[in-house]
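Descriptive structure summary
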Amino acid sequence: MPIRASGTFRRPRSGLLLAVFLTAMPGAIAAQVPAQVGPGQQLPTPDQARDLLQNQPDLVRQLREKLGQSGLSPDQVRARLRAAGYPENFLDQYLSGADTSQGVRPGPRDLDAVQALGILSPQEADSLQFADSMFAISDSVRQLLDSLRYVHLDSLRADSLADSLEAIQPAGLKVFGLETFRRLSTRFEPMDAGPVDENYQLGPGDALVLILTGDVEQAHVLNVTREGFIVVPQVGQLHVANLTLGQLEDQLYTRLGKVYSGVRRSPDARTQFQVSLAKLRKLQVYVAGDVVRPGAYQVSAAGTVLNALYAAGGPTTNGSFRRIDIRRGGKLVDSVDVYDYLTQGINPTVTRLQTGDVVFVPVHGGFAKVAGKVKRPAIYELRPDETLRDLIEFAGGFDPTAYQARVTIHRVLPAASRGSSGRARVVIAVGADQFVDGGAPAVPMAPGDSVTVHGVADRIRSFVTVRGNVWVEGEVGHAPGMKLSDAIRLAGGPKPDVYLDRILVTRVRDDSSMIQLRSAFRDTTGAVIEDILLDEEDEIRVFSRSTFRAERYVAVVGAVRKPGRVPYREGMTVRDAVLLADGLTPDAWLQEAEIARLAEDSTPGALAKTIRVPLDSSYLFGRRPGDKYAGPPGLPAPASGAPDAELQPYDNLMVMRQPGWELQRSVAITGQVRYPGRYSLKSKTDRLNDLLVRAGGLTPQAYPAGVQFYRSYTGGRPTGGDPLTPVLAEPRPYLTVGGRDSVRRSVPERVGIDLPKVLADSGFRDNIVLLGGDSLHIPEFDPVIMVQGAVNSPGPVAYEPGKNLDWYVDRAGGYTQTGDQGHAYLTQPNGEREGVKRRAVFADRVPRPRPGAVVFVPNKLLQEQPSNVTGVLATAAQVIGALVTIILVARR
């Protein structure tokens, strides 16, 4: 599976490689280097991952292009590498003339070597995404690839957490500080050029710029040689090793003053000079201990311990962040606490690294977890003298919702403190009396402690709730002495339709039981008759008079666009109700409508009385005054003048439809006819033969015996093609015209039709009356019989005249063991179905398929009744014996 990267070494590639092993060895890899797999990406196999690591053609090509474009010859490249402390053949595999057929595996020092030549800047290196963090992924995966055969023997050895950390690390919490060193960036890369601080000491490899202005205008680039000298033109050699820039400036005043008379320490000097660093030298330091990639690294002379740590990928989850040792010549020079940088922003720059220094990361001194209501929950490393107060400070302090009177510490006791009872785990409660001025107490901590800071209770206090017919429902603040009228006023007061006779106040007692209190409004201004003194969490309910009113409506049905109920309003008329129903449909009868009104008398069985009201063409609301009549044909309506009857609640208004009026019904005919298409029926008595005549008859290629006739059904009834019933069915492929079938139908069902007899005799029974939505397809002759179902080789079989169903099944390989021979059937090309009938005494009735038929053999039922042949024979023997006895007795 080739994976290509256009011009750069892409991050997802390494993410894919690492993910292969995360699934197999989560303890060995996931603790060291994070990786992500993008959506839709496929993980490579281990062999493919090894090939990708050993051969990175895009990166190798770019490095070769950089070296080729630099203008340096191979000898010059080797000389510069030797001067920078690298083997002179270190980059031979990237030089012109190298064997490109061999796989080249770039290492973490290749990019540093190219940068040492001065042809690749850190920004260009970062654009290649070949930063140190990428090496961390590649090196870790490469090391695992080389030792896969031994992984199962010691899968928990590589950078696993200590037992204390494994016991306390829950899902979601991370070791504090790890992500700082696991990112792709050059943010920790020191500058290759000045300015530097006043304590920076010069050394071999540095490049200085000396600028003279005034009487003398000159600029010189001065490289510090291996011996620690610089050579100033016209001045001579000057030893600068281990000097600061301030000390160098003092010496330059002396030496330059001897050559240039205008150089002196005075503001009005005729000649002035400036000296600065143009390029900083590289130092080779060693990073060892519990780091992701221990080894030797070249860092800038202005670099600090953080730069070396970042180059090595940072501490592992087993390494310490609190004690980073700097050893020089076998002696401890300094120790750095990375937490000073991570929590306070203090950069440890006091101790400068020198060539040959060893940055050593020991094993951590013990972790403690803090979770709950703190600002930065995580796992922190603690020193032996640090306490709970320090841990809370590392976590950013308490969250505003923290309950500082309750902190719980889960502790695993050391072996010496467990005693004979085997008690290994205890819970330590830090109470409210130990907290002073809101700060955490100095409770001693132990490795493996798990601290939980609890939150305040979710219960809300000092409020009452006002619900119902007020302007602003919800909770309002409660103050001592608050009364019912105060709460209602804070809720905006009652609405105008408020129910005055009752206000309900629900109160919860101390034992959680409830008591119902009540009051009433004096008027709609919100004044109450009995102003109850409220308690916390009281709930006030204000009612509306409209809540208790029955919903009044008018039902509008019949020939309207939107039938249903419309809200009743006093003074509503028939015209209003029709307008609310979105007007009339095209088939509306504009002579009169019927109103069914509730019966006024109490006669048993009486439900309603009907009233006929006149209509006119003005109910066609889409027509402007003076426009031509646009109603349906056949029954013209009066132009205007119909009185507008007033409706009453619960009236049922029905706008009648015109008798016998409906839209056209459509049927479709396709296949081998002269004029296929979609035809509208001329009458409700049009038959199949009439449709064929209108379609021009059959073509010479038509196969009438294979006719396919479909009728659409809804709920077991034919649809009839009612255009006002928008029910559609999925069209069959051979029924489409122009790519889409617009015939209205629901569930299409095939009907068997004997078309040859219909063509010969129009009075034949199969010359059926057509309905809207019917479809007819006349195929070409198909001399093939399809055999499907439980046969050994389902598929087409050439038609053989006179052969029956069993013959075609035999040509398809015969019945399978699960084939049900007694229930096989065939579908003739015209849609008629015929089944096999097996007889015990007489010959079987096996149908003979016609060209284009389909034979189907179903499977036997999974649960068949067990055979009872013995019982049947015993019963038959008893019956025969009884008959023989009767015959013998009769003869006597």
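Residues numbered from 1 in each chain as written. Predicted model: local features only at pLDDT ≥ 70, side-chain atom pairs only at ≥ 80, totals over all residues. Heavy atoms only, no water.

Our focus in this paragraph is the overall build of the protein. Counting secondary structure elements, the protein contains 19 helices and 36 strands. The 892 residues of the protein split such that 40% are buried. Partitioning the contacts of the protein with sequence separation of at least 6, the portion at a separation of at least 24 is 63%. When the accessible surface of the protein is summed, it comes to about 48700 Å², and 51% of that surface belongs to carbon and sulfur atoms. (Helix = DSSP H or I, 4+ residues; strand = E, 2+ residues; numbered from the N terminus. Buried < 20%, exposed > 50% of the residue type's maximum accessible area, 1.4 Å probe, protein only. Contact = heavy atoms within 4.5 Å. Areas by Shrake-Rupley, 256 points an atom, 1.4 Å probe, with all protein chains shown as cover.)

Strand order in the open sheet formed by five strands is β17-β16-β20-β18-β19, with mixed pairing between adjacent strands. Among the strands making up the open sheet, the edge pair consists of β17 (474-477) and β19 (514-519). In this sheet, adjacent strand axes meet at a mean angle of 25 degrees when their direction is disregarded. In this structure, strand β16 (residues 463-468) lies alongside β17, joined through four bridges in antiparallel fashion. Bridged to Val466 within β17 is Gly474. (Pairing = 2+ DSSP bridges. Axes fitted to C-alpha atoms, helices over the stretch in contact; angles between N-to-C directions.)

With that out of the way, let us pick up the packing of aromatic side chains. Tallied over the entire structure, the rule returns 16 aromatic pairs. Here Phe181 and Phe321 contribute two aromatic rings whose centre-to-centre distance is 6.3 Å and whose plane-to-plane angle is 45 degrees, an arrangement assigned as tilted. You can see Phe181 sitting in the loop between α9 (163-168) and β1 (207-214) and its partner Phe321 sitting in the loop between α11 (305-311) and β8 (324-328), a full 140 residues away along the chain. Across this residue pair, the class does not change: Phe181 and Phe321 are buried. Arranged with centres 4.8 Å apart and planes meeting at 65 degrees, the rings of Tyr253 and Phe273 form a pair that is edge-to-face. Here Tyr253 is found in helix α10 (residues 245-259), whereas its partner Phe273 is found in strand β5 (residues 271-279), with 20 residues between them in sequence. The class of Phe273 is buried, set by a relative accessible area of 10%. The cationic tip of Arg565 hangs over the ring face of Tyr553; the distance from NZ or CZ to the ring centre is 3.9 Å. Over the ring of Tyr619 we find Arg575, and its NZ or CZ is 4.3 Å from the ring centre. (Phe/Tyr/Trp six-rings, centres within 6.5 Å; stacked < 30°, edge-to-face > 60°. Lys NZ or Arg CZ within 6 Å of the ring centre and 35° of its normal.)

What follows concerns the side chain of His220. By the element assignment, His220 lies in strand β2 (residues 218-223). A distance of 2.9 Å separates the side chain of His220 from the side chain of Gln218, its partner in a polar contact. Setting aside residues no more than four positions away along its own chain, His220 makes contact with Leu208, Val209, Leu210 and Pro233. (Polar contact = N/O pair within 3.5 Å; in protein donor to acceptor, adjacent residues only side chain to side chain.)

What follows covers the confidence of the model for the protein. Within the protein, residue pLDDT values average 79, and 78% of them lie at 70 or more. Of the regions scoring below 50 in pLDDT, residues 1-44 engages in 93 contacts with residues more than four places distant in sequence or in other chains. Ignoring residues within four places in sequence, the model shows residues 721-745, a span with pLDDT below 50, making 53 contacts including any to other chains. (pLDDT = per-residue confidence, 0-100.)

Turning next to the environment of Leu770. Secondary-structure assignment places Leu770 in the loop between α17 (755-760) and β31 (775-778). Here Leu770 falls in the buried class, since its relative accessible area comes to 2%. When the C-alpha atoms of Leu770 and Arg711 are compared, they prove to be 9.0 Å apart, with 59 residues separating the residues in sequence. If sequence neighbours within four positions are ignored, Leu770 has contacts with Val667, Leu681, Asp686, Arg687, Leu688, Leu691, Phe709 and Arg711.

All right, on to the sheet that holds strand β14 (residues 425-430) then. Sheet architecture is open: five strands sit in the order β12-β11-β15-β13-β14, paired in mixed fashion. The outermost strands of the open sheet, each flanked by one partner alone, are β12 (378-381) and β14. On average, each strand axis in the sheet is tilted by 20 degrees relative to the strand beside it, whichever way the strands run. Of the strand pairs in this sheet, strand β11 (residues 367-372) and β12 are connected by four bridges, and their pairing is antiparallel. Within the sheet, the bridge partner assigned to Phe367 lies in β12 and is Glu381.

Our focus in this paragraph is α10. The first and last C-alpha atoms of α10 sit 21 Å apart over 15 residues, in line with the 21 Å expected at 1.5 Å per residue. Within α10, the full set of buried residues consists of Leu248, Leu252 and Leu256. Next to the buried residues of α10 lie β1, β3 (229-232), β4 (236-239) and β5. (Expected span 1.5 Å × (residues − 1).)

Our next topic: the pairing of β2. Taken together, the six bridges between β1 and β2 define a ladder with antiparallel strand orientation. By the bridge assignment, Leu208 is partnered in β2 with Leu222. Where β1 hands over to β2, the hairpin turn is made up of three residues, counted between the paired strands.

On to unusual backbone geometry, then. Even without being a glycine, Ser512 presents a positive backbone phi close to 70 degrees. Tracing the chain through its elements places Ser512 in the loop between β18 (498-508) and β19. We note that Glu537 has phi near 70 degrees; this positive angle belongs to a residue other than glycine. Tracing the chain through its elements places Glu537 in the loop between β19 and β20 (539-544).

Time to look at the pattern of salt bridges. Inspection of the entire model under this criterion finds 33 salt bridges. Between Asp250 and Arg265 there is a salt bridge, with its nearest N and O atoms 2.6 Å apart. Highlighted residues: Asp250 in helix α10 and Arg265 in the loop between α10 and β5, separated in sequence by 15 residues. Looking at Asp250, the relative accessible area reads 39%, which means it is partly exposed. Residue class for Arg265 comes out exposed when judged on its relative accessible area of 56%. For the salt bridge of Asp337 with Arg383, the shortest nitrogen-to-oxygen distance reads 3.2 Å. Of this pair, Asp337 sits in the loop between β9 (331-336) and α12 (338-344) while Arg383 sits in the loop between β12 and α13 (388-394), placing them 46 residues apart in sequence. Taking the relative accessible area as the measure of exposure, Asp337 reaches 9% and is therefore buried. Linked through salt bridges whose partners overlap, the residues forming this network are Arg322, Asp337, Arg383 and Glu386. (Salt bridge = Lys/Arg side-chain N within 4 Å of Asp/Glu carboxyl O.)

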